[in-house]
Amino acid sequence: MATDAPPPSKAEHVLPSAEQFGAVQQSAEFAELRRSHRSFAFPLTVAFIAWYLVYVLLSNYAGDFMGTKLFGNVNVALVLGLAQFLTTFLIAWWYARHAAAELDPKAEAIKSRMEGDA
């Protein structure tokens, strides 16, 4: 399998010291990276858990509603259950786009600076 990536460097890889890791962790740049991640991941996590719990509660306490046939043998419960899978994949796709556009460049900048200082 051919790739465009260069072969790994033969040079000795030196890890930054614990003090360097601590300094980066306290930096504004790292705080911005952490804020970007949290401001995206936490609200989506809460929203998805709420959506899942609504589905479970409807399944337990609104049997007549969930059993309502929409067409053929397809009822509300089946549609909402399949929508759970759909939202899972949509959230994963959306997060991958967010990470590639927002998180990865910031993380790469921090990594490059740390490896350059090491």
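Residues numbered from 1 in each chain as written. Predicted model: local features only at pLDDT ≥ 70, side-chain atom pairs only at ≥ 80, totals over all residues. Heavy atoms only, no water.

Caption draft 1: Broad picture of the pattern of salt bridges. Counted according to the given criterion, the structure contains 3 salt bridges. The partner of Glu29 in a salt bridge is Arg113, with the nearest N and O atoms 2.0 Å apart. In this pair, Glu29 sits in helix H2 (residues 28-61) while Arg113 sits in helix H4 (residues 76-117), placing the two residues 84 residues apart along the sequence. The partly exposed category is assigned to Arg113, whose relative accessible area is 33%. Residues joined by salt bridges that share partners form a network here, namely Glu32, Arg35 and Lys106. (Salt bridge = Lys/Arg side-chain N within 4 Å of Asp/Glu carboxyl O. Helix = DSSP H or I, 4+ residues; strand = E, 2+ residues; numbered from the N terminus. Buried < 20%, exposed > 50% of the residue type's maximum accessible area, 1.4 Å probe, protein only.)

Caption draft 2: Highlighting the side chain of His98. One can find His98 in helix H4. Under the relative-accessibility criterion, His98 is labelled buried at 15%. Here Ser36 takes part through its backbone oxygen, which lies 3.4 Å from a polar atom of the side chain of His98. Contact partners of His98, with chain neighbours within four places excluded, come to Ser36, Phe40 and Leu103. (Polar contact = N/O pair within 3.5 Å; in protein donor to acceptor, adjacent residues only side chain to side chain. Contact = heavy atoms within 4.5 Å.)

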